[in-house]
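Residues per chain, in single letters:
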Amino acid sequence: MSIITKLAIAAGLATALSTAAFAQADLSGKVIGFSQIGSESGWRAAETSVTRSEAEARGVDLKFADAQQKQENQIKAIRGFIAQGVDAILVAPVVATGWDDVLTEAKEAEIPVVLLDRGVDAPEDLYLTSIASDQVLEGRVAGEWLVDAVAGEDCNVVELQGTVGSSPAINRKQGFEEGIASASNIKITQSQTGDFTRAKGKEVMEAFLKSSNGGADICAVYAHNDDMAVGAIQAIKDAGLKPGTDIKVVSIDAVPDIFTAIAAGEANATVELTPNMAGPAFDALAAYWADGTEPEKFIITESKLYTAENDPQGEYERRKGLGY
Amino acid sequence: MMRRVVSTLASPQLLALAGVLLINWFLFPPFFRITWQDGRLFGSLIDVLNRGAPVAILAIGMAGVIATKGVDLSVGAIMAVAGAVAATMVVAGYPAPVAVIAALAVGLVCGLWNGFLVAVLDIQPIIATLVLMVAGRGIAQLITEGFIVTFTDPLLIFIGTGSFLGLPMAAVIALVLMIVVTMIIRRTALGLFIEAVGVNRAAASLAGIRSRMLLFLVYGLSGFCAAVAGIIVAGDIRGADANNAGLWLELDAILAVVIGGTSLLGGRFSVPLAVVGAIIIQAMNTGILVSGFPPEFNLIVKAGLIFIVLIIQSPLATRLVPVRLTKAEARK
């Protein structure tokens, strides 16, 4: 069974294990190593800063190692953590394969390992648990929001896909299609890749507007990430239409700039890809240390929907310092 | 004179452009529909000019570099650096004109650095400019500290999305740059000197051409053009995206120059036709977007079309067309 199918199966059990279910445990005195991939995207930088603050809130002494996108650096960092005798290790693995040896070393040293936001192809007994988001669920939440928002009226959706062939693009597309499957009034009329960037999102949206009767035939745009949605919003404005009103905008990630747009009424909804993977990891470790509770092998983080009702300005303020 | 006009119109580049536009029209009938909206022209054809402008501007600089038998791989990264400089400066409170001038100066300095590596240290151009292609994006990320730096400055936004006489500002800038550079190159002996350096640098130097100076000039111009394109792209999305601004555009610019009939072996170049090459590439991109092909086909369609364009202007095909024209002329 591949990691993906396992994640999908585990999705059903996910909600039971959301962070809120646990009281914040005190882990003071514990030393935990964190091997991060690097800082290739704003989300990654936010994950790093949230991990630091979550550790601080629990009194954890966090040892941070930046692998600069290289697996050998991560393996070196993990060996270093084992040599230092840390209490636990968090890893955001840069690739899926090649972890068996170093994870076996950690297991022999009796140091629990928690995988963050990506899985690995290694025997399950080599790590305590794996914490990730469910990309299909993210798409489905966005789709279900749209079904509610149009309330039975006919709606032609244009889709801005991520990079062709990338797993978030495939999964978020599939999830959205599942989300709107029950509503025969909602149709995806056009779908093109915007490569996850603002510039491409804008360019593709411009073309969609031209080929849909100046935008009159488009009721909503679904973007696989917020950056493309921000670009699309500008294209809609340039075409003389009101984003958020004439054309609904729904996207995924919940980066700070989309909250500015939601606050201004130019975007309608976003689904969060939480940068807080470490919080559930610390909670799982706390339960494990307290009474030996084995956590679920695959913990799925919550895919929370944000709209204008969720204090977008406040969410923006809360996120802007995180490094997005 | 008449003959010159006919042969220009029959150039393979313009034929290819007409072909691509016709295909677009066939796939998407309202392609040529242009309306007047909010004080500017609005339509797919205008999008082609607007979106094609950054690559066209890069191609203007790239044509000169390639004419000297060089290549400039760093232009995409210089775009990111220039955008980052302009955006961070206006956010830090500097007046927009100062930020724009600073960004242009940074682009010029980057280009002169390439020129220094090529002309003085005699490093192969592909390697010399690779240095900045890799390092430039890192520099841009350092400047933006990894964020997408967004701004609301009206001047920068005007450069990226404004309009002049109904035409998008980016297209106007590209047109003006093209005319100015072409005039300087073709109304003086400069173009001839550049071609001479491309054919044989040693021979050109012996003939009294200051080839080192000329190399500084063409790489400097390329860096400057890249900075202009970088400011436009940043203004367009109202933010400097160090990771993605100008990514892979150096390859589009080289392709545009090659489609424009400039030889990669140096010695023969045309700035206006390089701009036409950029417009051909963008006409294809826009055509794919409005025609509704699934995105999985984007690259295949593009590759097929480029293949056809290159065949149209291959020596074999070009031999067929002008021969017939000359015969017709002769009969008169």
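Criteria and thresholds
- Counting of residues starts from 1 at the beginning of each chain's written sequence and follows it residue by residue.
- Chains and ligands are labelled sequentially in the order written, the chains with letters from A and the ligands with numbers from 1.
- pLDDT decides what is reported in this predicted model: residues at 70 or higher carry local features, side-chain atom pairs at 80 or more are listed and counted, and totals for whole chains, interfaces and linings draw on all residues regardless.
- The secondary structure listing takes helices from DSSP runs of H or I that are at least 4 residues long and strands from runs of E that are at least 2 residues long, numbered from the N terminus.
- Here the globule rule is a power law, 2.2 Å times the number of residues to the power 0.38, and the radius of gyration is based on C-alpha atoms.
- Neighbour density around each residue's C-beta defines its exposure: 20 or more other C-beta atoms within 10 Å make it buried, 12 or fewer make it exposed, and counts between make it partly exposed, where C-beta atoms are placed from the backbone.
- Throughout, a pair of residues is in contact if the C-beta atoms placed from their backbones lie within 7 Å.
- In the scheme used here, Gly and all other residues not listed as nonpolar or charged are polar, with Ala, Val, Leu, Ile, Met, Phe, Trp, Tyr, Cys and Pro taken as nonpolar and Asp, Glu, Lys and Arg as charged.
- DSSP calls a pair of strands paired once it identifies at least 2 bridges connecting them.
- Axis definition: a line fitted to C-alpha atoms, limited for helices to the stretch in contact. Angles are taken between N-to-C directions and run from 0 to 180 degrees.
- An automatic or database domain assignment is the source of the domain bounds shown.

1. Side note on the overall build of chain B
A tally of helices and strands in chain B yields 15 helices and 6 strands. Computed over its C-alpha atoms, the radius of gyration of chain B comes to 20 Å, within 12% of the 20 Å expected for a compact globule of 332 residues. Counting every position in chain B, which comprises 332 residues, the buried fraction comes to 52%. A sequence separation of at least 24 residues applies to 79% of the contacts in chain B between residues at least 6 apart.

2. What about the interface of chain A and chain B?
Counting from both sides, the interface comprises 25 residues of chain A and, opposite them, 24 residues of chain B. When residues of the side of chain A that touches chain B are traced back to their parent elements, those giving at least two are α2 (42-57), β7 (186-193), α7 (198-211) and α8 (226-238) of chain A. Residues of the side of chain A that touches chain B, tallied by class, amount to 5 nonpolar, 13 polar and 7 charged.

3. So, the sheet that holds strand β12 (residues 305-307) of chain A
Strands pair in a sheet through their backbones, by hydrogen bonds, and they do so in one of two ways: parallel or antiparallel. Residues and elements named next belong to chain A. Ordered in space as β7-β6-β8-β9-β10-β12, the 6 strands form an open sheet in which the pairing is mixed. Of all the strands in the sheet, the pair left with one neighbour each is β7 and β12. Across this sheet, the average inter-strand angle for adjacent strands is 20°, counted without regard to direction. Pairing of strand β9 (residues 248-253) with strand β10 (residues 269-272), which is carried by 4 bridges, proceeds in the parallel orientation. Of the residues in β10, the one forming a bridge with V250 is A269. Along the sheet, α8 contacts β6 (155-161), β8 (220-223), β9 and β10; its crossing angle with β9, the most-contacted strand, is approximately 155°.

4. Notes on the domain arrangement of chain A
All names here are of chain A. Domain annotation for chain A reports domain 1 (19-133 + 274-301) and domain 2 (135-272). Computed over C-alpha atoms only, the centres of domain 1 and domain 2 are separated by 33 Å. If you look at the interface, domain 1 gives 4 residues, while domain 2 gives 5 residues. Here the side of domain 1 that touches domain 2 is built from residues that sort into 1 nonpolar, 3 polar and no charged.

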